[in-house]
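# Structural overview for review
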Amino acid sequence: APDASYDAAPGIVMTAHADAARVAAEASFQRAASPGMATYGNTRSASESTLTGTLGRAVATSSVNDVDLGGVVKIKSVTSTATAQTDGLNATGAGGTVVQGMTIAEQPAYVDDTGLHIGEQGQPANAVASQIANQALTEAGFTFYVSQPVVEKDKGSATSNAGSFVVVWKPPNNPSENVFVITFGGARVSVTAGEGFGSGLELATDAEDLPGADLGGDVSPSVPVDGGELAVSPLPGTAGPAPAAGPQTRPLRFGLASTFGGFSWLWLVFGLALVALAGAGNRRMLGDLLDRPAADCPLERDQ
């Protein structure tokens, strides 16, 4: 079936879809919590790969909402998106992570590709607000890091990594010196394709002289592409279109076996005679060596 889903566990939903032109999956859960430390709202991840004409495209996203870390750091949402596409000759990609609705000790804050900032984007906080937020971070043991998005391209291939928002937390009053590393966001996709090509081999087409030339089974339909045809296998449970009438092909083969006509009966008789002669000669040699009495030596004399 092209679609499947799972929702048996409370608060968890997973869906998947797959057909010849689109493959997609999504998973989400409603809420998670570490009592007294952190709570998380709805969390979702999704990916999709599509093929439209000669363009292949992949998209991946992840998001988490309503984050509360120790009552000090609160975030409305963290969303990461990575995309990449290719036509077989050229590939492109993009990605990034966006943090929205962030506060530290009730003071507005934001994160960009240069790190964490107190205040609203484009409006830096005043000195008092910055001091309050920074003091709260220090006392609570928080450190923040932002990994940069990375896109790698090579002709018809591309990989896009959206980066992520990383929080290192060493809670106060922590005799065990525990350190928590929490990663928010993150998405990665990769696409690759090459130019289509035809076959350069001239295969024999006289399939009628091959025993069992009709191999049976489904025949994959074909779609036209530049320079030839691309075989596309039908989905399980569906029948492909009837093959077009035309000569069948067979693999290249050597003709040595067809020139061998077998052995003549005269060669068989000759071989048996050679075996009999060899056996008689071996028996006479054994008799000479083992059964014949030794002759007296004419030079032998008593002392």
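This section reports on the structure supplied with the text. (Residues numbered from 1 in each chain as written. Predicted model: local features only at pLDDT ≥ 70, side-chain atom pairs only at ≥ 80, totals over all residues. Heavy atoms only, no water.)

### Quick word on the side chain of H17
Among the structural elements, H17 can be located in strand β2 (residues 12-18). For H17, a relative accessible area of 16% gives the class buried. Polar side-chain contacts of H17 include one of 2.7 Å to the side chain of D3. Engagement of the side chain of H17 in a polar contact is seen with the side chain of D19, the distance being 2.8 Å. Among residues more than four places away in sequence, those in contact with H17 are P2, D3, R22, V23 and A24. (Helix = DSSP H or I, 4+ residues; strand = E, 2+ residues; numbered from the N terminus. Buried < 20%, exposed > 50% of the residue type's maximum accessible area, 1.4 Å probe, protein only. Polar contact = N/O pair within 3.5 Å; in protein donor to acceptor, adjacent residues only side chain to side chain. Contact = heavy atoms within 4.5 Å.)

### Quick notes on the pairing of strand β15 (residues 150-154)
Taking burial as the measure, the five residues of β15 include zero buried ones, a minor fraction of the element. Direction of pairing for β15 relative to strand β16 (residues 157-161): antiparallel, over a ladder of five bridges. Looking at the pairing, E152 lines up with T159 of β16. (Pairing = 2+ DSSP bridges.)

### Here's the deal with the pattern of salt bridges
A side chain of one charge can pair with a side chain of the opposite charge when the charged atoms of the two come close. Summed over all chains, the structure comprises five salt bridges. Here E106 and K74 are joined by a salt bridge, their closest N and O atoms 3.6 Å apart. Taken as a pair, E106 in the loop between β10 (102-104) and β11 (107-112) and K74 in strand β8 (residues 73-86) lie far apart in primary sequence, 32 residues in all. Here K170 makes a salt bridge to E177, at a shortest N to O gap of 2.5 Å. Assessed through its relative accessible area of 48%, E177 is described here as partly exposed. (Salt bridge = Lys/Arg side-chain N within 4 Å of Asp/Glu carboxyl O.)

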